[in-house]
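Single-letter residue listing:
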Amino acid sequence: MLFELIGREWAGDTAPWRGVLDREQARWIDAALAASPEELAALTRDAGPDGLSVYLPALLERGRAAVRAGQRDTEPIGRALIALDFHAGEGRAAGHFLVGFALRLQAADAERHFQLARIGYRDAGAPLREGLAAVAAEAGKLDLLFGAEPTTGLTLAFGALAAADPGCADRLTNSLDHFFAMLRTVHALIDDPSLPEAALPEAVTDEDVDMLSAALAATVQRRPATAAALARSIDQLRRRDGKPSHATDGLVTVLEEARDWDAAVTVLHDLRVHGDRRPETVRALARALTEVGRWDEAKALLLEHIGDPPGQADVETLTHLVLLGTREGDPTCGQWAARLRALNPAHPLEAMAPPSMMRKEQAPRPQLLAHHENGSLTLDPRLAELGQHEMQAHIMAAVIIAQGDESGPLRADVAAKDPKLYERILELLPAPEPRLTPAEERCAHAEDLFRQRRYREAITAYRAAIELNPDFTLAHLGLGDAYYMLGEYHMAAAQFTESIAIEPTPQAYRFLGDAIQRGGRDLALARQCYEQALALDPEYGGARLALEQVRAAQAERRRP
């Protein structure tokens, strides 16, 4: 409620732009809003100083109209304004405001953009908009897990806004009070997620749910044991207010994206114990169980939720069973794949996730059984059973972690004196965060879109990755997979062929065989692809299953 009202006050502070764009100018703005940062920079250069005089006011009006209409995704407009108004004028300030408005409660990023907007409006001599950006910045920087009361910064920002426009401050007062009341509720729910219904607020707005969801996202990482209960409390609030409830959906998504599979198993089990029987929760739990090496449990869970015989409502769960079973080399997958094909002949067995999901996760790093903080060393009792050398490795790893970036000399000293001990210490240290190339970042974004079944948008993102790295085999594979999901099998086959030309892989041959079958029903050529996949990887269960099916189809065709 607070940010929505701040947005409406900001959008209403200036008169609407009444200009008219011709078709070419409107097309340019649409391209700018859909462009990547590199493409946006090129568009800006092409526009030239004369173009800015047209595009800036039109984009500003787009942003104001979006806020007035209650739209939340104002980030593309904001980033286009930032790129266009490179002289740090009012357009740039508006761009930062719109990006912050889209991010809102995403702490550091939202607060940074609102602060930049505040500075820009101060330099432009716009005190009301400066005050609004300041209040938004101070509200957006609050840590949902710790700060539950007004801060000095927010008090001062609100006072400056009242001096600039008393009427605006009056209109914001109630929403600001509600904001802090909801923040206190968030903290109460985090401390005790099972609060009785009478202790919950009478009504919640969409922004309140944003606050609760942001707290949930933080809690699932820091305090996973309370995350499921907090999600249920959010759902309880929404249902009581007569609105759809999505907190548990969001929790499942957060857990999968975090790839903390042990925590995922714990929380998803908790959701099911408390009555969550949705198919997506079942599938998420099965995936988490599989990732922690409990495939038999995952398989039993999925089979429990598939009809006998399976029906159309079981296709997604059945697909999940086949996909995970193929990865685990389960010999019974063939019968379930056959049932899946019978239900939906056009459904690809591995279509529920982009190619990267088909690869095995890296082996988990060993658990560190020592902790060093503020000069205090804590040892897990299990260390006593592992021997002196192992205990020493765990202790030294804990000390190195505590020293952070200053640990270089210590590492060098251990490496010189005892190379074997140092080798074991390296295994215990956290894996360094991989640095993605720009092409890898685009490909990761494409795979996120693929998982959301936004295949057209995924195609654009995969192509952007390929433009940056034409030899990026995974991007070609993903692009072909997206075309496959849209039924454009010839386009899919072209990308799989391109991937093979760069690097022949079993998966690319397998995917190419599927695309050939769907596109032209050329069973002989598809069979060659599957045979090639198995020649490269004799253990590739998906290719073996596909080969068996195409052989059966060829035999059926030969029958009189």
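Right above here is the structure, for reference.
Fair warning: this is a prediction, and the values are worked out from it, not measured in the lab.

K.L.:
Can you walk me through the overall build of the protein chain in this structure?
P.N.:
A tally of helices and strands in the protein chain yields 27 helices and two strands. With 560 residues in all, the protein chain has 47% of them scored as buried. Carbon and sulfur atoms provide 53% of the accessible area of the protein chain, an area that totals close to 27,600 Å².

K.L.:
So what exactly am I meant to see when it comes to helix α7 (residues 127-140) here?
P.N.:
Three or four residues apart is the spacing at which side chains of an α-helix point the same way, because the helix has 3.6 residues per turn. Between its terminal C-alpha atoms α7 stretches 20 Å, which fits the 20 Å expected from 14 residues at 1.5 Å a residue. The buried fraction of α7 is high, at twelve of 14 residues. Within α7, the full set of buried residues consists of Leu128, Arg129, Gly131, Leu132, Ala133, Ala134, Val135, Ala136, Ala137, Glu138, Ala139 and Gly140.

K.L.:
How should the pairing of strand β2 (residues 376-379) be read in this particular structure?
P.N.:
For strand β1 (residues 370-373) and β2, the ladder comprises four bridges, and the chain directions are antiparallel. Looking at the pairing, His372 lines up with Leu377 of β2. The turn linking β1 back onto β2 is made up of two residues, and Asn374 within it adopts a positive phi angle of 55°.

K.L.:
Just to check I follow, could you spell out the packing of aromatic side chains for this structure?
P.N.:
The way to describe two aromatic rings as a pair is by their centre distance and the angle between their planes. Taken as a whole, this structure holds seven aromatic pairs when the rule is applied. With centroids separated by 4.7 Å and ring planes inclined at 10°, the aromatic side chains of Trp10 and Phe97 adopt a geometry described as stacked. Within this pair, whereas Trp10 is found in helix α1 (residues 2-11), its partner Phe97 is found in helix α5 (residues 90-103), the two being separated by 87 residues in sequence. Residue class for Trp10 comes out buried when judged on its relative accessible area of 2%. Taking 5.5 Å as the distance between ring centres and 65° as the angle between the ring planes, the aromatic pair formed by Phe496 and Phe511 counts as edge-to-face. Within this pair, whereas Phe496 is found in helix α24 (residues 489-502), its partner Phe511 is found in helix α25 (residues 506-520), the two being separated by 15 residues in sequence. Grouping residues by exposure puts Phe496 and Phe511 together as buried. Taken together, the aromatic side chains of Phe3, Trp10, Phe97, Phe101 and Phe114 make up a single cluster linked through ring pairs.

K.L.:
Explain unusual backbone geometry to me, please; I cannot follow it from the model alone.
P.N.:
Among all residues save glycine, negative phi is the norm, and among peptide bonds the norm is trans. Cis geometry is found at the peptide bond from Asp308 to Pro309, where omega equals 5°. The residue Pro309 is located in the loop between α15 (295-304) and α16 (315-328) in this model.

K.L.:
Help me understand the side chain of Gln495, please; the structure alone is not making it clear to me.
P.N.:
Note on placement: Gln495 falls in helix α24. Setting aside residues up to four positions removed in sequence, Gln495 forms contacts with Arg463, Ile466, His476, Leu479, Gly480 and Tyr483.

K.L.:
Would you explain the nonpolar core in this entry?
P.N.:
One broad trend across soluble globular proteins is that nonpolar side chains are buried collectively. In this structure, Ile6, Trp10, Leu81, Phe97, Leu132 and Leu172 are the most contacted members of the largest nonpolar core, which totals 50 residues. Broken down by element, the residue count for this core peaks at nine residues, all from helix α3 (residues 37-68). Excluding residues within four positions of it along the chain, Leu81 makes contact with Leu56, Leu59, Leu60, Gly91, Arg92, Ala94, Gly95 and Leu98. Counting residues in each nonpolar core, the second largest holds 42 residues, with Ala439, Ala465, Ala482 and Tyr484 among its members.

K.L.:
Help me understand the environment of Ala31 in this model?
P.N.:
Looking at where Ala31 falls in the secondary structure, it is placed in helix α2 (residues 23-34). The exposure class assigned to Ala31 is partly exposed, which follows from its relative accessible area of 35%. Distance in space between the C-alpha atoms of Ala31 and Leu43 is 8.4 Å, their sequence separation being twelve residues.

K.L.:
Can you walk me through the pattern of salt bridges in this structure?
P.N.:
Side chains that differ in sign of charge can pair as their charged atoms come close. Tallied over the full model, the rule gives 18 salt bridges. The partner of Arg424 in a salt bridge is Glu390, with the nearest N and O atoms 2.6 Å apart. Of this pair, Arg424 sits in helix α20 (residues 419-428) while Glu390 sits in helix α18 (residues 388-403), placing them 34 residues apart in sequence. In terms of burial, Arg424 and Glu390 fall into one category: buried. Residue Glu488 is joined to Arg456 by a salt bridge in which the shortest nitrogen-to-oxygen separation is 2.2 Å.

K.L.:
Please clarify how the packing of α18 against α20 should be interpreted in this entry.
P.N.:
Between α18 and α20, whose axes approach to 9 Å, the crossing angle comes to 60°. Considering the angle they form, α18 stands oblique to α20. Helix-helix and strand crossings are classified by hand; for α18 and α20 the assignment is right-handed. Between α18 and α20, the contacting residues are His389, Glu390, Gln392, Ala393, His394, Met396, Ala397 and Ile400 on the first element and Lys420, Leu421, Arg424, Ile425 and Leu428 on the second. Residue classes in the contact of α18 with α20 are distributed as seven nonpolar, three polar and three charged.

Thresholds, definitions, all that
- Residues numbered from 1 in each chain as written.
- Predicted model: local features only at pLDDT ≥ 70, side-chain atom pairs only at ≥ 80, totals over all residues.
- Heavy atoms only, no water.
- Helix = DSSP H or I, 4+ residues; strand = E, 2+ residues; numbered from the N terminus.
- Buried < 20%, exposed > 50% of the residue type's maximum accessible area, 1.4 Å probe, protein only.
- Areas by Shrake-Rupley, 256 points an atom, 1.4 Å probe, with all protein chains shown as cover.
- Expected span 1.5 Å × (residues − 1).
- Pairing = 2+ DSSP bridges.
- Phe/Tyr/Trp six-rings, centres within 6.5 Å; stacked < 30°, edge-to-face > 60°.
- Contact = heavy atoms within 4.5 Å.
- Core = buried A, V, L, I, M, F, W, Y, C linked by side-chain atoms within 4.5 Å.
- Salt bridge = Lys/Arg side-chain N within 4 Å of Asp/Glu carboxyl O.
- Axes fitted to C-alpha atoms, helices over the stretch in contact; angles between N-to-C directions.
- Parallel < 35°, antiparallel > 145°, perpendicular 65-115°, else oblique.
- Left-handed = near helix turned anticlockwise from the far one by under 90°.
- Nonpolar A, V, L, I, M, F, W, Y, C, P; charged D, E, K, R; others polar.

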